[in-house]
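This is what each chain is made of:
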Amino acid sequence: MLIVKQHLDNYLHLVVIATGHNIDMNQHFMAEALLLARQAAACDEVPVGAVVVCGGSIVGRGFNQPISRHDPSAHAEIMALRDAAARLGNYRLPGCSLYVTLEPCPMCVGAIFHARIERVVFGATDPKTGAAGSVVDLFAQTRLNHHCRVEGGVLAEECGLLLSSFFAARRARTALA
C-alpha cells in the first residue's frame, strides 16, 4: 500500500494507491531499513533505520546513533547518506532513492536535498517533527533549488509499531526507576 499526499480544500488528504511491482521493491527495501531500526533499538537509540538504493542495490545503510556518537546529526538518514557517499565516492547521489522507517525531519530533508536524492520512501509519519507533510512539507517548497519525489506509508504499521513499542518500554523503565 502506498500513500500519496494530496492537498484539497486546505486539508492534507492521504490517498492510497496500489502500484504493483514498485510496492514489492518498496517493501523489500523498507524491510531492510527496519532491520537497521532494530539495531538502533538494541543500542537504546530511537529505532529508525535507512538505506540508500542505487540501481536496485543498497549502497548505504544507517540507523539512529545520536546518543552513542554524541552527535545530534547522526540520524538514520544522515548515516545512510554518509555511507552511500563514501562508497560511491561522491557526496552527490543522483538517481538514488532513500528508504527510511520514519518521515524525515527538517535537518534530514536538507541533507537529502544537498545529496540530490531522487526519491524518498518512508514508513511511519512523524507528527512531531515530520517534514514531508506531517508538520511541514519541505518537499513541496518550490523556492528550494532541488526537489525529489516522496512516498509515505510503506510498511507504516510495522514501522510505527517498532517506534511505539520502543517508547512504551522506555516509559515503563523510567516509571520503575
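Residues numbered from 1 in each chain as written. Predicted model: local features only at pLDDT ≥ 70, side-chain atom pairs only at ≥ 80, totals over all residues. Heavy atoms only, no water.

J.: Is there a simple way to explain the overall build of the chain in this structure?
T.: Along the chain, the regular secondary structure elements total 5 helices and 7 strands. Starting at the N terminus and ending at the C terminus, the chain contains elements arranged as β-β-α-β-β-α-α-β-α-β-β-α. Counting across all 177 residues of the chain, residues that qualify as buried make up 44%. A fraction of 55% describes how many contacts in the chain between residues 6 or more apart in sequence connect residues 24 or more apart. Element-wise, carbon and sulfur atoms account for 58% of the exposed surface of the chain, whose accessible area totals about 9,300 Å². (Helix = DSSP H or I, 4+ residues; strand = E, 2+ residues; numbered from the N terminus. Buried < 20%, exposed > 50% of the residue type's maximum accessible area, 1.4 Å probe, protein only. Contact = heavy atoms within 4.5 Å. Areas by Shrake-Rupley, 256 points an atom, 1.4 Å probe, with all protein chains shown as cover.)

J.: So what exactly am I meant to see when it comes to the packing of helix α3 (residues 76–88) against helix α4 (residues 106–115) here?
T.: Helix-helix packing is described using two parameters, namely the angle between the two axes and the distance between the axes. Where α3 contacts α4, the two axes come as close as 9 Å, and the packing angle between them is 20 degrees. In terms of axis orientation, α3 runs roughly parallel to α4. Once α3 is placed against α4, the crossing between them reads as left-handed. Between α3 and α4, the residues in contact are E77, I78 and L81 and M107, C108, A111, I112 and A115, respectively. Its residues assigned to classes, the contact of α3 with α4 comprises 7 nonpolar, no polar and 1 charged. (Axes fitted to C-alpha atoms, helices over the stretch in contact; angles between N-to-C directions. Parallel < 35°, antiparallel > 145°, perpendicular 65-115°, else oblique. Left-handed = near helix turned anticlockwise from the far one by under 90°. Nonpolar A, V, L, I, M, F, W, Y, C, P; charged D, E, K, R; others polar.)

J.: Please explain the pairing of strand β6 (residues 119–124) as it appears in this structure.
T.: Side-chain positions along a regular strand alternate between the two faces of the sheet. By the criterion of burial, β6 is predominantly enclosed, with 6 of the 6 residues buried. Each parallel crossover has a hand, and the one from strand β5 (residues 97–102) via α4 to β6 is right-handed. For β6 and strand β7 (residues 149–152), the ladder comprises 4 bridges, and the chain directions are parallel. In the strand pairing of β7, V120 is matched with V150. (Right-handed = clockwise from strand over helix to strand, strands pointing away. Pairing = 2+ DSSP bridges.)

J.: Looking at this model, I keep getting lost on the state of the cysteines. Mind explaining?
T.: Note on terminology: a disulfide is the covalent bond linking the sulfur atoms of two cysteines. According to the stated counting rule, one finds 0 disulfides in the structure shown. No disulfide involves C108; its sulfur sits 3.7 Å from the nearest other cysteine sulfur, which is in C105. (Disulfide = S-S within 2.5 Å.)

J.: Sorry, what's going on with the pattern of salt bridges here?
T.: Oppositely charged side chains are able to pair whenever their charged atoms sit close together. Inspection of the entire model under this criterion finds 6 salt bridges. With its nearest N and O atoms 3.4 Å apart, the salt bridge here joins R149 to E118. One end of the pair, R149, is in strand β7; the other, E118, is in the loop between α4 and β6, and 31 residues separate them in sequence. Its relative accessible area of 39% is what places E118 among the partly exposed residues. In this structure, the salt-bridge partner of R119 is E151, at a minimum N-O distance of 2.9 Å. Residue R119 is located in strand β6, and its partner E151 is located in strand β7; the two are separated by 32 residues in the primary sequence. (Salt bridge = Lys/Arg side-chain N within 4 Å of Asp/Glu carboxyl O.)

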